[in-house]
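# A look at the structure
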Amino acid sequence: MCLAIPGKISTIETRYDGAVRVAKVLFGGITKEASLEMLPQAKEGDYVLVHVGVAISVVNEEEAQKTFEYLAQIGEIDELIEHTQV
Amino acid sequence: MKFISEYRDGDQVALYLEEIRRCVTQNWSIMEVCGGQTHSLVKNGILQLLPPEVRMVHGPGCPVCVTPLHLIDQAVYLAMQHGVIMCSYGDMLRVPGSKYSLLEAKAQGADVRILYSPLEAVAIAQANPDKQVVFFAVGFETTAPANALSVLHAQRAGLKNYAILTAHVLVPPAMEAVMEDEAASIDGFLAAGHVCTIMGIGEYGPLAARYRIPIVVTGFEPVDLVQGILMTVRQLERCEYRLENQYSRVVKPEGNPEAQAVIRSVFAVSDREWRGIGTIPSSGYELRPEFEAFDAQKKFDYPIEKAPESAECIAGLVLKGIKKPQECPQFGKKCTPQFPLGAPMVSSEGACAAYYHFAQALETLA
Ligand code: SF4
C-alpha cells in the first residue's frame, strides 16, 4: 500500500466544472485514473509516480521505466491489477 | 531469493556492499522505518549479504500494523450495519479485530469492498445515494493527500453519504518514540523515501541533531537500500550525524507543496494511539472540525467496548525493533499469514509476514 508506481500520462480531462484535473495513466498494459491536483505542472506524455489514485511527483522516463520493471519483478504490479478487478 | 547479479544495477549493489564491508569497524544497528523497505530488504535477501556488523532493525513503518484494535473493531461494527458500504485497501481487510476481521464480516454478508484508491469510494457514494459509504483511511503521510482529496471531492459533489474513518499516522514522531525508548538501541535511520516525496525532508535535520543520529532518506529498491546503508555506516564510522538524501532523484527537499496544502486544509495534527506502542503525542491526523460531516468517528455511534490486545502477540516489541519476528513464540506456529494473530503477520509490509515468507523461500532453496 505504501509504494508509489510510475506510469505515463496518456490523456487529461477535467471534472467538477474544471476544478479537478484527472489523467489516464498507463502502467505497462494497464490504464488507471489518477488525480493531477498535486501536480499542476504535469502534462500529457509526462511520467508520474502514482500513489493510491493520486499522482505525487513527476519523474524522468528512464527512472520511471527502471522502477516499473523492478516493481513488476517483485510482484507489486500484480497487486495493482488485482485491485483493478474489484 | 535473488542473486546480486539479477538486481537492477546488480554491479552497483555489489560495489556498495563491498564498500560497506571495507569501511565498517564496529557493530551498528540501523532501523529502516518504512515497511516497503523492510519488505524489499527481506525479499531480496539483502540482510544475508550485509556484513555481520551491520544489523538492520525493522521499524514501525506499516500503517496497517499500527492501527489500533479498537479502530478495527469500530470498522467491523460499522461494516455490519445495514445500509453501510465499508471500503479500504486490501491489506486492511485481513487484520484481525478482537472478534472478526473486515474480511470475516464480509463473509457474513457485510458489504465490504477492496479499493485501490479512496477516490473510487467517492464514486461509489455517488452511485449509491441510499447507502452510507465509509472509507477506512489508514496510511502514513504518503497516503494522506489521497484521503484528503476524497473528502474534498465528496464536498464538491455535495455528498451527504460519504465519510472516512481516519487512522492516519506520521513518521517523524514514531522515530522520536523509538529513540526515547531505551530498550530500542538504534544507531542510524533510513527514512522513508515516498513519505518525503510528499512532506519534504525538513523535519529530519533537527531529529538527526537532537538524537545525534544519522538519518538517510532512502528509496526502496536494492540499490537504493544498499547505498542508503553505506551512507549511514560511513557517517557512523566518522562520528557524524547528519541528514542525507540518497533518493534525491525522486525526493525534493521541499516535498510536494500542493499535497502539503491539501493535507493542511483537511487534516489537523493530533495525538494517536499506535497498536502495540501506545499513544504518541502529535503523531497522526484527524479531520478538521469544518469536515465533521465527513468524519465517520463523529457521524456514527459505536456501542462497543474497548477490547484488550492479544496476550500472545508481541507486535509492540517487534515494531520498535526490540525483538525480531522469529523471537515471538507464536511465529510460524499459531501465527501465520493464513491465520494471523497480529497485524505484522497480515500486511506484506509487516515485519512478521516478511520474515515468514522469507523463511519459506530459504527452505525451498535448501
Ligand atoms: S509473529 Fe504473529 S503473534 Fe508474533 S508478533 Fe508477529 S504478528 Fe504478533
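Preceding this section is the structure that the text describes.
Computed from a prediction, not measured in an experiment: that's the story for all the values here.

### Concerning the nonpolar core
- Phe136, Tyr162 and Phe189 of chain B are the most contacted members of the largest nonpolar core, which totals 125 residues.
- The element that contributes the greatest number of residues to this core is helix H9 (residues 144–156) of chain B, accounting for seven residues.

### Considering the interface of chain A and chain B
- Contacts between chain A and chain B engage 34 residues on the former and 44 residues on the latter.
- Carbon and sulfur atoms make up 62% of the surface buried where chain A meets chain B, a total of about 3,500 Å² over both sides.
- As a salt-bridge pair, Glu63 of chain A and Arg249 of chain B come within 2.5 Å of each other at their nearest N and O atoms.
- For the interface between chain A and chain B, the tally reads ten residue pairs in polar contact (both at pLDDT 80 or more).
- Those elements giving two or more residues to the side of chain A that touches chain B turn out to be strand S3 (30–35), strand S4 (47–51), strand S5 (54–59), helix H1 (61–73) and helix H2 (76–85) of chain A.
- Considering every element that reaches the side of chain A that touches chain B, the biggest residue donor is H1 of chain A, with six residues.
- Along the lines of polarity and charge, the residues of the side of chain A that touches chain B split into 21 nonpolar, seven polar and six charged.

### Considering the pairing of strand S5 (residues 132–139) of chain B
Residues and elements named next belong to chain B.
- The buried fraction of S5 amounts to seven of the eight residues, a majority that puts the element mostly inside the structure.
- Here strand S3 (residues 84–88) runs beside S5; their pairing, made up of four bridges, is parallel. Each bridged residue has a counterpart across the sheet, and for Cys87 the counterpart in S5 is Phe135.
- In this structure, S5 lies alongside strand S6 (residues 162–169), joined through seven bridges in parallel fashion. Each residue of the ladder has a partner; that of Val133, found in S6, is Tyr162.
- What joins S5 to S6 is H9, and the crossover it makes is right-handed.

### Details of the sheet that holds strand S9 (residues 243–245) of chain B
All names here are of chain B.
- Reading across from one edge, S2-S1-S7-S8-S9 is the order of the five strands in this open sheet, with parallel pairing throughout. Sheet topology places strand S2 (54–61) and S9 at the edges, where each strand pairs with a single neighbour. The sheet shows a mean angle of 25 degrees between the axes of neighbouring strands, direction not considered.
- Against the sheet, helix H13 (residues 222–237) makes contact with strand S1 (28–34), S2, strand S7 (188–192), strand S8 (215–218) and S9, and its axis sits at roughly 170 degrees relative to S8, the strand it touches most.

### Here we look at the environment of Cys62 of chain B
Residue and element names in this part refer to chain B.
- Note on placement: Cys62 falls in the loop between S2 and helix H4 (63–66).
- Looking at Cys62, the relative accessible area reads 2%, which means it is buried.
- The spatial distance from the C-alpha of Cys62 to the C-alpha of His82 is 31 Å, given a sequence separation of 20 residues.
- Excluding residues within four positions of it along the chain, Cys62 makes contact with Phe140, Ser347, Glu349 and Gly350.

Rules and cut-offs
- The written sequence of each chain sets the order in which its residues are numbered from 1.
- Chains and ligands are labelled sequentially in the order written, the chains with letters from A and the ligands with numbers from 1.
- Per-residue local features of the predicted model are confined to residues with pLDDT of at least 70, and side-chain atom pairs are confined, for both listing and counting, to 80 or more; whole-chain, interface and lining totals are unaffected and use all residues.
- Heavy atoms from the whole structure form the basis of all side-chain values; hydrogens and water molecules are not counted.
- The term nonpolar core refers to a set of buried residues drawn from Ala, Val, Leu, Ile, Met, Phe, Trp, Tyr and Cys, joined through side-chain atoms within 4.5 Å.
- Here's how the labels work: a residue is buried when its accessible area is under 20% of the maximum for its type, exposed when over 50%, partly exposed in between, all with a 1.4 Å probe on protein chains only.
- By definition, any uninterrupted DSSP run of H or I lasting at least four residues is a helix, any uninterrupted run of E lasting at least two residues is a strand, and each is numbered from the N terminus.
- Working rule for contacts: check all heavy atoms of both residues, and any pair within 4.5 Å makes them a contact.
- Throughout, buried area stands for the accessible area (probe radius 1.4 Å) lost by two parts on being put together, summed over both.
- Salt-bridge detection follows one rule: a side-chain nitrogen of Lys or Arg within 4 Å of a carboxyl oxygen of Asp or Glu.
- Pairing of N or O atoms within 3.5 Å defines a polar contact, subject to two protein rules: one partner must be a possible hydrogen donor and the other a possible acceptor, and residues neighboring in sequence count only if both atoms are side-chain atoms.
- Under this grouping Gly is polar, as are all residues other than the nonpolar Ala, Val, Leu, Ile, Met, Phe, Trp, Tyr, Cys and Pro and the charged Asp, Glu, Lys and Arg.
- The pairing criterion for strands is at least two bridges between them, as found by DSSP.
- Place the viewer so that the strands point away; then a crossover is right-handed whenever the path from the first strand over the helix to the second strand goes clockwise.
- Axis lines are fitted to C-alpha atoms, over the contacting stretch for helices. Their N-to-C directions set the angle, which ranges from 0 to 180 degrees.

Bear in mind that shape data such as this cannot, by itself, settle questions of function.
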